[in-house]
Every structure is written in structure tokens, then in C-alpha cells.
Amino acid sequence: MEYTRKWSEKFSVEQVKIELLNTAYGNGHTFLARLDPITLFIWYIFFGIVPWFIHQETILLGMFVFVVITTFIAKVSPLIILILCLGLLSQGGYLLVASLFFGGNLATILPLLVLTLKLSVISLASISVFCSMDPDKLSNGLLKIGFPGQVSFSIAYGYRMLPSLLEEYHHIFLSFRLRGKAPEKKGFLYWRAIVYFCKVAVLSFYPLLLSTSKRARTTVEALETKGSFYGFNHPEVKKLKLANMKMQKHDYLFLGFTAFYLVCLFIFL
Amino acid sequence: MNFAQDRYTLTQSQKMMVFILSMSLYGLSNMITELLPSVYLGPIEFSVEYFAFIPLTLCILFHPLYAAIGAALGEVIFGEIMLGQFGGLGELEKFISFSLAMYIAGTMVTDPRNKRQVGTAAMIGVIIHQAISSIVDILKVWVGVDELEAVPGLVESVVVIEGFSFLNDVLFSGILFALIPTVYLVPRLYGKIEPLLGMKPRDTTNKYSLKEIIGPRLVVVGVLLAGAAFLFEFLSNSGLNLIEWELDLGPAFIWISLLVAFFITCLIIVYTLKKKKKTIHDKTEDRRISS
């Protein structure tokens, strides 16, 4: 429970909001951030799928080195890397313990390491790509590769609204706690306190459901006034909106270098 | 009867409202559950997997399709992209399984005031979602580890771990954070929340069916994708042999075939998304003209 309290102190609402805005808008100046979204998507699609089908350790290792370098270039926040490492380690370790229990031996470690390597290549690639795109860029990129306008709108909306929604939820939660009565006895392993907190966390959604639905209505009315639905359904509007997105010299250079590196990997290893 | 059904069809703006509502609320809850710590009792993990009651409630109260898609998108945007944990293509699987499960749960309820119906729907929604995701997780290890049978104990351990987390999620998160809150919230919100979005409460006469989303196209695409996955697996296995035997041709061959296969898959996905959106749009236009 001490552990829980420590975490809850670290993740105060303000802290979370700051961290969120930082991940969203913090890395606008890195090399990857200046690339065109389409370049990043192409790059990512390769690194997101191909590692699954490669079983040669040396090639995987080479890819791993490459994505580590891109992650470094993208200046991803250390907190995210930490979360990723913990997740990978716990998953791999868990599998290992369980397979030892079922009569595996040390030979089990190698395939698991390869699996972990694959997973880390994929997740590092996604982190370096998606952390270096700010929301506007991401939504424009998605729009360009044919996602519906609603999706890109939702991303922009999410980034705008989430901090205020979080604050509202926090207020409701606090007012529930103010008016309610916390359990006097903590119970075994604090279970009464945990149950109480869970109950309040769920109940707080009731007022939030109603107020958010009002807000959703206002949003949609505003969208209608701006004529956004016309834009969602007519390709020429989209074209006009995305006219400034173009692949430039450094995009081609980046893709070319990646391809060169990978071909070298495949040939020499 | 027919008239009553026509009256419930939503305009595009109302669909968007349901979509935004479900997206922002479920996204918010997702962020909260991401930040909540999990408690370990030995190997057993007690964690709040998700607040499934929010999409379940909304799918039962409103049109299930838009609420389900909104919730799934909210999870991706708020819970993943904004926290910098976007898994890219892996999210596609989550998106599909989650929206499918929530949609099915929503279609099962005909009367939101009937608590037994709501409860059954909530549990079934959670079970479908968890079952799909555990199967996919098992498949991931199966594809990711070459010659799985050669490794002693790995198959059993993966199945046991996934089965265990399935049971844990269904019994713990499912009952505490899906069943109880949904049964509590749905009858209370019914008739209160709909006027805020400017629509009539759903009445017992209108039903949704799975046919609306599972058309022949979806089945064909699913089969194609599964086929593509097996092709990749086959290519990679034969590719290893090629590298061993003839060093010059091998890598280039895998390289090219992989690239071609991926481009085809991506094209299919993009094409279907476009087409789906177009048909949805056409349908709404038709409805508006006819009503």
C-alpha cells in the first residue's frame, strides 16, 4: 500500500497534465519531427511488421541498434522508455518462469530473448515515430492516407479536451470524497479503503456522463456551424487542407538511408 | 412499427455526438486505469483492466455501432497516443475486437430497463473481448517464436498464462467494473441522457443486428488478412532456408516479396476503410432524404 501511495503522489493530476502536453508538443524540433508524416508511416509500417517474420538474431540485433538510434534522435522522454522496459521485462520474465515451471530448461531463454528483441524493435520504432509527431501532424498524416475526417478531428479534440475533462473528473471525485464518508477501519490490506476509492471512482462518472453529453452536443453544433461535415465528405476540401504536405529532400534521404542500412544487414549478416 | 423505427434513425450530427461522447469518456477512463497501479498477490495480478462499464452503458443506451467505434478510438487516442504508448498496428487488433464486443453487447439489449438483460449483455461483451485478445496474444507468441514445439514448456505456459489472465479479467474487472456499474447506471441514465443529445430514448421496438457490420466484405477481408499472415509465415520459414543455401538471391527475394505483400495488405486496409466510410455516408444521405 505504501507503494500505491507513492505512485499516487507521483502522479498528481497536475503532473499528468504537464507530462501529457510535453509528450504532445515537446519534441517539435528533432530531426524526425521535421519529416513528412507519410515518410514516418512508411518507415513505421516496415519496422512494425517485418520483425515478426525474421528469425535471425543478427538481423534483429542490427534492426534493434537502428531503432535505438532513432529513439535517441527523437528525444523520447525517459518516463516512457522506463514504462516500456518494465513492460517488456515483466512479460518476458513471466513467460520464462512459467515455462521453467512446465519443465523447460535454460534453452528456453534464447527463444524468449529473441521474442523480447522483436517486441522491443517494434515498440521502439512506434515510440520514435509517434512521439516525434505532434497532434496536428499526426491527424493530417492520417487524413492523407485515407482515414476519415472524423478520426483526425477526434485526435485534435482529444488533445484539446482531455486536460479539462481530467480536471472536471478530479473535481467531481473530490466533491464525492468531501460529501461522503471514508471507511473508519482500513481493513485487512486496506481493502475497505480500496473498495471505497473504486466505488467513488465509478460513481463520479455519473455526473460526468451527463455533463460530457452536453459538451458533445455543443461541439457538434459548433462543427455544423463551421461546415465541418461538408469537409469530411468532400475530397476537394481535404486536398486544399493538405496542400502544404509534401515529401522533401530529407524525407527521401531518410528513407533511402534506412533501405540501404537494411539491405546491408540482409546481405552481410 | 415501421414509423417508430424510422423515427429512431439518427442524423449525421447525432451520430457524431454519440461518437464524441463515447470517445472522450472512455478515453478519460482509460487514462485513469492506465495510471492506477496493479496489486500483485503472488503470481495473481489484481488490476483494473478497464472501465468497461462506460462503453457498455453507452452502447446500450445509444446506437451501439457509433458508441462502440467511438470508445475504441478513444482508447487508442487517449490511452495510447497521448501517453506516448501507441503500438501502431497492434492497436488495430484491439480496435476491432473491442468495438466488435461492445457492439454485440449493445445489440443484445432490447429494453434498457430490464436489469437482467443489461447484466447478461455486459458480461458477454467483456467475455468476447477478453477471449479475442487472449487468442491473439497466444497467436503472437506462436508467430513470433520460430519452432515453438522445439522449446519445452513454452506452449503450455503461454496458454496457462493467457487463460489465467482471461479468467482474472472476466471475473475481477468484468464483475466489479463492468457488470455492477452497468446495471447500476443504465436504468438511471435511461431517459435522462438522451434529451441532452437531442434525441429520443431508445424504445423496446428497435433492434440492431450484427448484419449491419458483418457483411460479406468484412468476411472476405478477414480471410484475406489471415491468408496474408500465413503467407508471411511461410515466406519467412522458406526464407531462412534460402539464406543458408544461396546467399545472393535469398535476401533480395524475401525483401521484395515482403515489401510487395505489405503494400498489398495496406492497400486493402485503406481501400476498405474508404469504402466503408463511403457506404455509411451514402446510407445516411438516403435516410435523410427518405425521412
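The rules we used
- Positions within a chain are numbered from 1, following the residues in the order the chain's sequence is written.
- For this description, chains carry letters from A and ligands carry numbers from 1, given in the order in which they are written.
- It should be noted that, the model being predicted, local features are given only for residues of pLDDT at least 70 and side-chain atom pairs only at 80 or more, the latter also being counted only at that level, while totals for whole chains, interfaces and linings use all residues.
- As a rule here, side-chain values cover all heavy atoms of the structure and leave hydrogens and water aside.
- Every helix listed is a DSSP run of H or I at least four residues long, and every strand listed is a run of E at least two residues long, numbered separately from the N terminus.
- The rule is simple: take the accessible area with a 1.4 Å probe, protein chains only, and divide by the maximum for that residue type; under 20% is buried, over 50% is exposed, in between is partly exposed.
- Surface accessibility follows the Shrake-Rupley procedure with a 1.4 Å probe radius. Residue values consider only the protein chains on display as shielding.
- By this rule, a helix spans an expected 1.5 Å times one less than how many residues it contains.
- A fitted line through C-alpha atoms serves as each axis, taken over the contacting stretch for helices, and the angle formed by two N-to-C directions is quoted from 0 to 180°.
- To sort the angles, those under 35 degrees are grouped as roughly parallel, those over 145 as roughly antiparallel, those from 65 to 115 as roughly perpendicular, and the leftovers as oblique.
- We call two residues in contact whenever any of their non-hydrogen atoms come within 4.5 Å of each other.
- Basically, the charged four are Asp, Glu, Lys and Arg, the nonpolar ten are Ala, Val, Leu, Ile, Met, Phe, Trp, Tyr, Cys and Pro, and anything else, Gly included, counts as polar.
- In this analysis, rings of Phe, Tyr and Trp, with Trp reduced to its six-membered ring, are considered paired at centre separations within 6.5 Å, and the interplanar angle assigns stacked below 30 degrees, edge-to-face beyond 60, and tilted for intermediate values.
- For a Lys NZ or an Arg CZ to count as sitting over a ring, it must be within 6 Å of the ring centre and within 35 degrees of the ring normal.
- Each nonpolar core is a collection of buried residues, namely Ala, Val, Leu, Ile, Met, Phe, Trp, Tyr and Cys, held together in the definition by side-chain atoms within 4.5 Å.
- Here a polar contact is recorded for every N or O atom pair within 3.5 Å, except that within protein the pair must consist of a potential hydrogen donor and a potential acceptor, and residues adjacent in sequence are included only if both atoms are side-chain atoms.
- Surface patches are drawn from residues lacking salt bridges whose relative accessible area is over 30%; two like charges belong together within 9 Å, two nonpolar side chains (Val, Leu, Ile, Met, Phe, Trp, Tyr) within 5 Å.
- One side-chain nitrogen of Lys or Arg within 4 Å of one carboxyl oxygen of Asp or Glu is enough to make a salt bridge.
- pLDDT runs from 0 to 100 and stands for how confident the predictor is about each residue.
- Two residue types count as positive, namely Lys and Arg, and two as negative, namely Asp and Glu; His and chain ends fall outside the count.

1. Here we look at the overall build of chain B
Each helix and strand counted, chain B has 10 helices and two strands in total. Along chain B, from the amino end to the carboxyl end, the secondary structure elements read α-α-β-β-α-α-α-α-α-α-α-α. Evaluated residue by residue, chain B yields a buried proportion of 48% over its 291 residues. For chain B, the computed accessible surface area is about 13400 Å², with 69% contributed by carbon and sulfur atoms.

2. Concerning the overall build of chain A
Counting its regular elements, chain A contains 13 helices and zero strands. Helices and strands appear in chain A in the N-to-C order α-α-α-α-α-α-α-α-α-α-α-α-α. The buried share among the 269 residues of chain A stands at 47%. Split by element, the accessible area of chain A, about 14300 Å² in all, is 70% carbon and sulfur.

3. Remarks on helix α5 (residues 78-101) of chain A
Taking 1.5 Å as the rise per residue, α5(A) with 24 residues should run 34 Å; its terminal C-alpha atoms sit 34 Å apart, in good agreement. Those residues of α5(A) lying buried are I80(A), L84(A), L88(A), G92(A), L95(A), A98(A) and S99(A).

4. Notes on the packing of helix α7 (residues 135-144) of chain A against helix α8 (residues 149-179) of chain A
Residue and element names in this part refer to chain A. Two elements in contact, α7 and α8, have axes separated by 8 Å at closest approach and are oriented at 170 degrees. Overall, the two elements α7 and α8 adopt an arrangement that is roughly antiparallel. Between α7 and α8, the residues in contact are P135, L138, S139, L142 and L143 and G149, V151, S152, I155 and Y159, respectively. For the contact of α7 with α8, the residue count by class is seven nonpolar, three polar and no charged.

5. Some points on the packing of aromatic side chains
Residue and element names in this part refer to chain A. Summed over the entire model, instances satisfying the criterion amount to 19 aromatic pairs over all chains. Centre to centre, the rings of Y196 and F197 are 6.0 Å apart; their planes meet at 80 degrees, and the pair counts as edge-to-face. The class for F197 is partly exposed, based on a relative accessible area of 35%. By the ring-pair criterion, three or more aromatic residues cluster together here, those being F31, W43, F46, F47, F66, F254, F257 and Y261. Stacked on the ring of F176, the Lys or Arg R179 has its end atom at 5.6 Å from the ring centre.

6. Structural notes on the nonpolar core
Considering soluble globular proteins, one finds that nonpolar side chains tend to be buried as a cluster. Within the largest apolar cluster, 129 residues are counted, with the highest numbers of intra-cluster contacts made by F47(A), M63(A), F205(A), L28(B) and F62(B). Examining the composition of this core, we find that 13 residues originate from one element, helix α6 (residues 109-131) of chain A, more than from any other. For F47(A), the residues in contact, after removing those within four places along its chain, are M63(A), F66(A), V67(A), V121(A), I122(A), A125(A), T258(A) and L262(A).

7. Observations regarding the side chain of S24(B)
Within the secondary structure, S24(B) is located in helix α2 (residues 12-35). Polar contacts involving the side chain of S24(B) include one to the main-chain carbonyl oxygen of I20(B), which spans 2.7 Å. Other than its neighbours up to four places away in sequence, S24(B) contacts Y157(A), L165(A), T212(A) and F78(B).

8. Looking at a nonpolar patch on the surface
Residues and elements named next belong to chain B. A surface patch of nonpolar side chains, amounting to about 430 Å² of accessible area, comprises L167, L171, I175, L176 and I180. By the element assignment, L176 lies in helix α7 (residues 154-189). Relative accessible area serves as the criterion here: at 40%, L176 is assigned to the partly exposed category.

9. Focus on the environment of G158(A)
Looking at the element boundaries, G158(A) is found in helix α8. G158(A) sits 23 residues away from P135(A) along the chain, and the two C-alpha atoms are 9.4 Å apart.

10. Some words on the confidence of the model for chain B
Residue and element names in this part refer to chain B. Per-residue pLDDT for chain B averages 72, and the proportion of residues at 70 or more is 55%. Taken element by element, the predicted model of chain B shows its lowest mean pLDDT in helix α1 (residues 2-8) (49) and its highest in helix α3 (residues 53-61) (91). Confidence over residues 1-5 falls short of pLDDT 50; this stretch has four contacts with residues more than four positions distant or in other chains. This stretch, residues 236-251, has a pLDDT under 50; its non-local contacts, to residues over four places away or in other chains, come to 14 contacts. The ipTM, which scores confidence in the relative placement of chains, is 0.73 for this predicted complex, and the corresponding pTM is 0.72.

11. Some words on the pattern of salt bridges
On inspection of all chains with the given rule, the structure shows four salt bridges over all chains. We note a salt bridge from E221(A) to R217(A), for which the minimum N-O separation is 3.2 Å. With E221(A) and R217(A) both in helix α10 (residues 205-226), this residue pair falls four residues apart, about one helical turn. Here R217(A) falls in the partly exposed class, since its relative accessible area comes to 29%. For the salt bridge of D111(B) with R113(B), the shortest nitrogen-to-oxygen distance reads 3.6 Å.

12. Points about the confidence of the model for chain A
Should pLDDT be low for a region, the predicted coordinates there are not to be read in detail. When pLDDT is averaged along chain A, the result is 80; 88% of the residues meet or exceed 70. Per-element mean pLDDT across chain A ranges from 55 in helix α1 (residues 2-10) of chain A up to 90 in α10(A).

13. Remarks on the side chain of D169(B)
Position of D169(B) relative to the elements: it lies in helix α7. Summary of buried charges: D169(B) has no salt-bridge partner, and the nearest side chain of opposite charge, K94(B), is 11 Å away.

14. Brief notes about helix α9 (residues 191-203) of chain A
Side chains that are three or four residues apart share a direction in an α-helix, a result of its 3.6 residues per turn. For α9(A), built from 13 residues, the straight-helix expectation of 18 Å at 1.5 Å per residue is met to within 8% by its first-to-last C-alpha distance of 18 Å. Those residues of α9(A) not exposed but buried are A193(A), Y196(A), V200(A), A201(A) and V202(A). Taken together, the buried residues of α9(A) touch α8 and α10 of chain A together with α3 and α7 of chain B.

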